[in-house]
Each structure stands twice: as C-alpha cells, then as structure tokens.
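Structure assessment
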Amino acid sequence: MTTPIERIVIRHLSGSKANQIEQLPVGDAREFTIGRDPASKIAFDPVGDSVVSRKHAVIRIEGEDDKLFFKLSDSGSSNGTFLNGERVTGEVELLPEDTIELGGARGPKFTFDVQPRPASFAARTQVIGVGDTAATRVIKTAEIAASTAVNAAATGAAEAASDDSAAQKKFGVGQETVQRLIGEERRASRGALTATAAGIAAVLVLGGAILLWQQWKGEERVGGRMSEIEKGQEEASAGVEGKVRSITGMTPQEIYDKYKDATAKIFLHWRLYDKTTGKPVYHQTFSIKLNKNESVVLPAYVRLGPNTVVRWLTLDDDYRSNIPIDGAGSGSGFVVGEQGYLLTNKHVAAGWEIPFAAPKRRGVVFEYKGGPDWKRAKREKGPDLGKYELIDLDDSAYSDIDDWVPESGGLIFPSKPAIAVPIGGGNIPDPTKADKRTFEGRNDTLETRFPGSRLNINASLVRASTDSDAALIKIDSPQTLSTVDLANHDNVTVGERVVVLGYPAVSVSTFQQLSTQEGGGPVRRRLEEIPEATITDGIVSKLSPGVKQKEGVTTYGSTGDVIQLSITATGAGNSGGPVFDSSGNVIGLFTYSRSRGNERVTLAVPIKYGRDLLRPQRE
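Residues numbered from 1 in each chain as written. Predicted model: local features only at pLDDT ≥ 70, side-chain atom pairs only at ≥ 80, totals over all residues. Heavy atoms only, no water.

1. Points about the overall build of the protein chain
- Secondary structure assignment for the protein chain yields six helices and 36 strands.
- For the protein chain, the proportion of its 619 residues judged to be buried stands at 39%.
- If you sum the accessible surface of the protein chain, you get close to 34,500 Å²; carbon and sulfur atoms cover 51% of it. (Helix = DSSP H or I, 4+ residues; strand = E, 2+ residues; numbered from the N terminus. Buried < 20%, exposed > 50% of the residue type's maximum accessible area, 1.4 Å probe, protein only. Areas by Shrake-Rupley, 256 points an atom, 1.4 Å probe, with all protein chains shown as cover.)

2. Notes on the nonpolar core
- Counting residues in hydrophobic clusters, the biggest one holds 48 residues, and the most contacted among them are Leu272, Val281, Ile325, Phe334, Leu343, Val484 and Phe580.
- When residues in this core are grouped by element, the largest group, five residues, is from strand E12 (residues 263-274).
- When residues no more than four places from it in sequence are discounted, the contact partners of Val281 are Leu272, Tyr273, Asp274, Leu313, Thr314, Leu315, Pro324, Ile325, Ile412 and Phe439.
- If you look at the next biggest cluster of nonpolar residues, it comprises 28 residues, including Leu83, Leu95, Phe112 and Phe121. (Core = buried A, V, L, I, M, F, W, Y, C linked by side-chain atoms within 4.5 Å. Contact = heavy atoms within 4.5 Å.)

3. Describing a nonpolar patch on the surface
- Together, Leu290, Tyr388 and Leu390 make up an exposed nonpolar region whose accessible area comes to about 240 Å².
- Structurally, Leu390 is set in strand E22 (residues 389-392).
- Residue classification places Leu390 among the partly exposed positions, given a relative accessible area of 42%. (Patch = residues over 30% accessible without salt bridge, like charges linked within 9 Å, V, L, I, M, F, W, Y side chains within 5 Å. Salt bridge = Lys/Arg side-chain N within 4 Å of Asp/Glu carboxyl O.)

4. Some remarks on the sheet that holds strand E6 (residues 67-74)
- Pairing is mixed in the open sheet, where five strands are placed in the order E4-E3-E5-E6-E9. At either end of the open sheet lies a strand with only one pairing partner, and these are strand E4 (42-43) and strand E9 (91-94). (Pairing = 2+ DSSP bridges.)

5. Comments concerning the pattern of salt bridges
- What the rule picks out here adds up to 19 salt bridges.
- For the salt bridge of Arg117 with Asp113, the shortest nitrogen-to-oxygen distance reads 2.9 Å.
- A salt bridge links Lys474 to Asp476; the nearest nitrogen and oxygen atoms lie 3.4 Å apart.

6. A closer look at the packing of aromatic side chains
- Tallied over the full model, the rule gives nine aromatic pairs.
- Each ring, one from Trp270 and one from Phe356, has its centre 6.0 Å from the other, and the planes form 75°; the classification is edge-to-face. Here the residue Trp270 occupies a position in strand E12, and Phe356 occupies one in the loop between helix H4 (346-349) and strand E21 (362-367), the gap between them amounting to 86 residues.
- Clustering of aromatic rings is evident, with ring pairs tying together Trp270, Trp352, Phe356 and Trp404.
- Between Lys17 and the ring centre of Phe44, over which it is positioned, the NZ or CZ distance is 5.6 Å.
- For the cation-ring pair, Lys41 lies above Phe32, with the distance from its terminal atom to the ring centre recorded as 5.1 Å. (Phe/Tyr/Trp six-rings, centres within 6.5 Å; stacked < 30°, edge-to-face > 60°. Lys NZ or Arg CZ within 6 Å of the ring centre and 35° of its normal.)

7. Some details on unusual backbone geometry
- With an omega of -15°, the peptide bond between Gln115 and Pro116 qualifies as cis.
- Phi at Glu97 is positive, roughly 70°, even though this residue is not glycine.
- Inspection of the secondary structure puts Glu97 in the loop between E9 and strand E10 (98-102).
- Among the residues examined, Glu97 registers a relative accessible area of 48% and is labelled partly exposed.

8. A short note on the environment of Val310
- Relative to the assigned elements, Val310 resides in strand E16 (residues 308-311).
- It is 8.2 Å that separates the C-alpha atoms of Val310 and Gly410, two residues lying 100 residues apart in sequence.

9. Some remarks on the pairing of strand E5 (residues 57-64)
- Note that strand E3 (residues 31-35) and E5 share four bridges and pair antiparallel. Looking at the pairing, Ile34 lines up with Ala57 of E5.
- Sheet analysis places E5 next to E6, joined by eight bridges and oriented antiparallel. Its bridge partner being in E6, Ile61 is matched across the sheet by Phe70.
- In textbook terms, the turn of a hairpin is the stretch between consecutive antiparallel strands, and for E5 and E6 this stretch comprises two residues, one of which, Asp65, has a positive phi near 50°.

10. Quick look at the side chain of His347
- Within the secondary structure, His347 is located in helix H4.
- Of the polar contacts made by the side chain of His347, one reaches the side chain of Ser575; its length is 3.1 Å.
- Every residue in contact with His347, bar those within four places of it in the chain, is listed here: Ile354, Asp469, Ser575, Thr591 and Tyr592. (Polar contact = N/O pair within 3.5 Å; in protein donor to acceptor, adjacent residues only side chain to side chain.)

11. Remarks on the pairing of strand E24 (residues 457-464)
- Here strand E23 (residues 439-449) pairs with E24 via two bridges, running antiparallel. Looking at the pairing, Thr448 lines up with Ile457 of E24.
- In terms of strand pairing, E24 meets strand E25 (residues 471-475) through five bridges, oriented antiparallel. When the sheet's bridge partners are listed, Ala459 is paired in E25 with Ile475.
- What sits between E24 and E25 in their antiparallel hairpin is a turn of six residues.

What follows is the structure, encoded as structure tokens:
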C-alpha cells in the first residue's frame, strides 16, 4: 500500500493520557488496535482506564494513494465505542478531527487526525447549531434598536426646528430681531447637532453593550439548553439500556471481558503434621503377597473392635514407602478486595479441613490383639503381621474411613515393629491417657497466577468457613486489583442462566518457552504456563437445601447447601471459580462434580458463605 499520509495523530482529551499527543507511523500498517491490551497500537492504562476493554476497537485503512478511507469499528467491547457522541455499530467512516470515546462519558476521549493531511481528506462540515442562530437574532435585534434610536434623535431635532419656523410666520419682526433670531438659531442648531451626535454615540455604546450582554445570555441559555438535552439523551439511553439489560442480562462474552482479569489460577500443596513432634504424618503401607508370583503394596488399617477400623498412621518413613497425608494440584479463585483478598474453595486453600479419601480403594487390615486394654497390649504382640485380611473400601462396612478429617487427629502407630501400640489419641481416645494426639495442616505451597502473567504470587490462608467449602486467602499486590461483584442476595432460582469462570485442567493451555542467562552462567531454558480463564455457561438445574427444621421435621440435602448446575464442560482445577448470574454478579463458588455411570452434574457453594468470610465481626 502506498499512501501520502505519514502518521496518525491522536490527541487525548481525557483519561489516563489526558493532554498527551501520540503520533503513530503509518508505513505499511492496515489497522491500529485500541484497548488495554499492552500489545494494542493505541494502548490504555489497565487500571486507570478500567472501562476500556482489552480489545476495545480498531481503526482500519482502506484504499490506495490519494483515495484513502479510514474506518472505525468496535471489537465487542463491554461498554461500547462512540464517534462524535454516536455509538458505533458495525463499521463507520472516520474523518480528521473526529472525536472518539471509549466506554461513553466515563471513558477516555481523544481526537483523530493524520499528517500530512491530503486535500481530498477533509474534516466533516461543521453544521451551524442552535447557538449560532440565537446569536444572529441578538445581533439583528441590536441593529434595529440602534437604528430606531438614531432616527428618534433626528426626528426630535427636525420637530424643534419646525416649531420655531411656525412661530416666525405667526409674528412680524424687524431686522435686528431677525438677526438676533438668526444667531440664536445658529447656536440652537449647533447645540442640537452636538446633542444629536452625543445621543448617537450613547445609543451606539448602549447598543453594543446590549448586543454583548444579549449574546452572552443567549449563548448561556443555549448552552444550558444543550446540556439539558444531552443529559436527557444520556438518561434516556441509560434507561433504555438498563431495561434491555434487565431483560436479557449480560452475555457470556461481556462477563468474560469484564471479569476474566479478576479470576486467578491457584497452585497448592499441603501436608499434615503432628503437633507434638512437628513431624509429617504418613499412612503405613505393607507389601502383600497375593500369590507366588504377585505382590502388591497396600495401605494398612487396624481393627480395634467389631465395628471400628482406623488408619494405621505413623510418623516414620525410613524406606520411603509410606503414603504422606497431603494434597497437591491447582484450583481457581476470584478477587473480592482491591487489596488482594480472594475467595476460593476450602479444599483448595485448606485441604486438611475436609474429609480425606483413602489413597487406594483396596487395603489390608490387621487385628489388634491388645484390644482396648493398653497394658496387656504392651506385654503381648500387637497386630499379627502374618495374618491379615484384604478389604474393599467401597464396601459400606468401611464407609467411615473416607469421612476422616485430617485436622481432627488420629491414632499414631510405630512403623513396622512387632507391636502396634497407639501413642496418642484422636478419633479413638487412648483410655490410658487424658491427652489426645492432634494434627495440623500447613500449606507448603499456595500461590496465585493471573491471566497473561508468568509470575506466581505467594498467598496465605486468612480463614476457612466452618459451614461450607469456602475459604478466604490474601496476596500482597503492588497494584490495585480488578474485582468481581458479589450478589447481595440469595435469590437463586431453578432454570436461571449462569456462567462459570475458572481454570479446569481439561482445558487447553498456553505456554511460553523462555531463555535466560544470569551472572554469566549458561543459558537456561524453561517452559512457563500463561493462564487464561475458561468460560462455560449453563443453568441452575436444582437447589439442594441445607439443614432446616420446621414443625419437628428436619429437611436436608444429600450434599448439603449447594447449587446444582447443568455445566459439565469443567473439571478438576475449576474448583473455587466464580459462578455468575445474568446480571454479572457472583452467586456461588464452583465446587465439586458428581458422577453416576456416564452422567455427571456439577455443584456450587452459595455465595452467602463467601460473604460471611468477609464479615469477621457481627453487624
């Protein structure tokens, strides 16, 4: 493309770049992108110009040589693009000195121009507005007033002269009298002429003052009226848009554009520790021979009584064969405070506070010979390691094992000696001691990473809900963070449309391969994931109530107080992501999924449990 235009000139009128001028070389470029994306040709501040979308609008160049055309189009922005006060729909022609607004009255405004400007590429014709017409009327009125005043002064002098002439005709006089009268007439005439001139000058001065005053008042009235009209148009437009929005709600794309930067990916690894010794807790394993040629390593359990089977927990792992009580993976969270507060699931930020499933569905259980009599247990051998029973943990007889919550404590047994004697209490108290063995969970890793970034930010657990699967975490951020809007009500209805943001592991990932060299050392290459949120939509398919009592009848759902969703395109990693209603407000935290055969549903925790975490004091 050849063009006589060397550069595009952008004069910023408002926004974070107010009073700045950008000159963008044209060269062979065919389009100039506008938005908060740092890669945009006309880029805006991600924080200061928050009403601007990442990819807001684009200016395109069409034509060749002297026949050039500039076109402006919106790129699906959340708050719209306006050209000379009119919202842009489709593609519109862009001319020099046109004014572009991003996001309406609250967004940045700038003018468009080119240099050098071809003769054929002229600005829009300026149409005379209401103010110009009013000024014309004021000037005309002043001219008429001044003309009338001058005519009146001249008429008065003529009438005075006419009256004196009439008096002369009526009486007869002599020569001296005539000469005296002539002198007096001359003096009177000179006085009349002086008075007339002064009158004319006064009228002109007064007329000019009236003209300026009326012009100023006219412009003031016109300006006020125009402001009222513009305000009325804005209110009417906002009213119509509000009514349409209340009916249709935000589209999934609008929700994604507005809130994706407030949704973070969370990386986690926690471990369980014994409070008394500070050592990590393990689940004991044994290698069990199934036949002459086959053996398998299985987690061990101890039968303390006819209906009591507990995990064989130990603080030893000398052979690196035991299973640590821990959890690792990734989840999602969303920013609820500009200072760095995020909501997520409790099983993401504090996994030791929820039921911990057995590591394998098969296990080996040993009979505890000592029974509840600890003194006799110390004299006799404990579990007979030569005699054991293989168990299936899907059997309802062992369902309690999956209900174990690590922070509730447990029984600690030595690892592999002949006697398995509990050295502490927890779920089953030690009858010979008053104290109990207690555990605590710690996050070895709890980090967040935001969309488009390859930097992890350390997070800390603030508090976890005691009522539901929700937790509040905190990061230290040097910048003010974008936040989501939480629903201030709990009126969720079956059938309403919902949208979920998050980072399910099943989604495709974006990576950057980096090469770095530090301190003169060798070049190192590493692969970094660049997270981008995944959006899925569906409906509320069912509401599961929490525990309710009315008239002596207790009602509760099989999964507690949760919202059942029709969304099935998510999975592990999406836990803790926000669930939006059609108004763009968060009504829940995406949590678990349930499967029966090939069927699957997903669940969300109502946002009221998240709001509770933000109110540590009673109101």
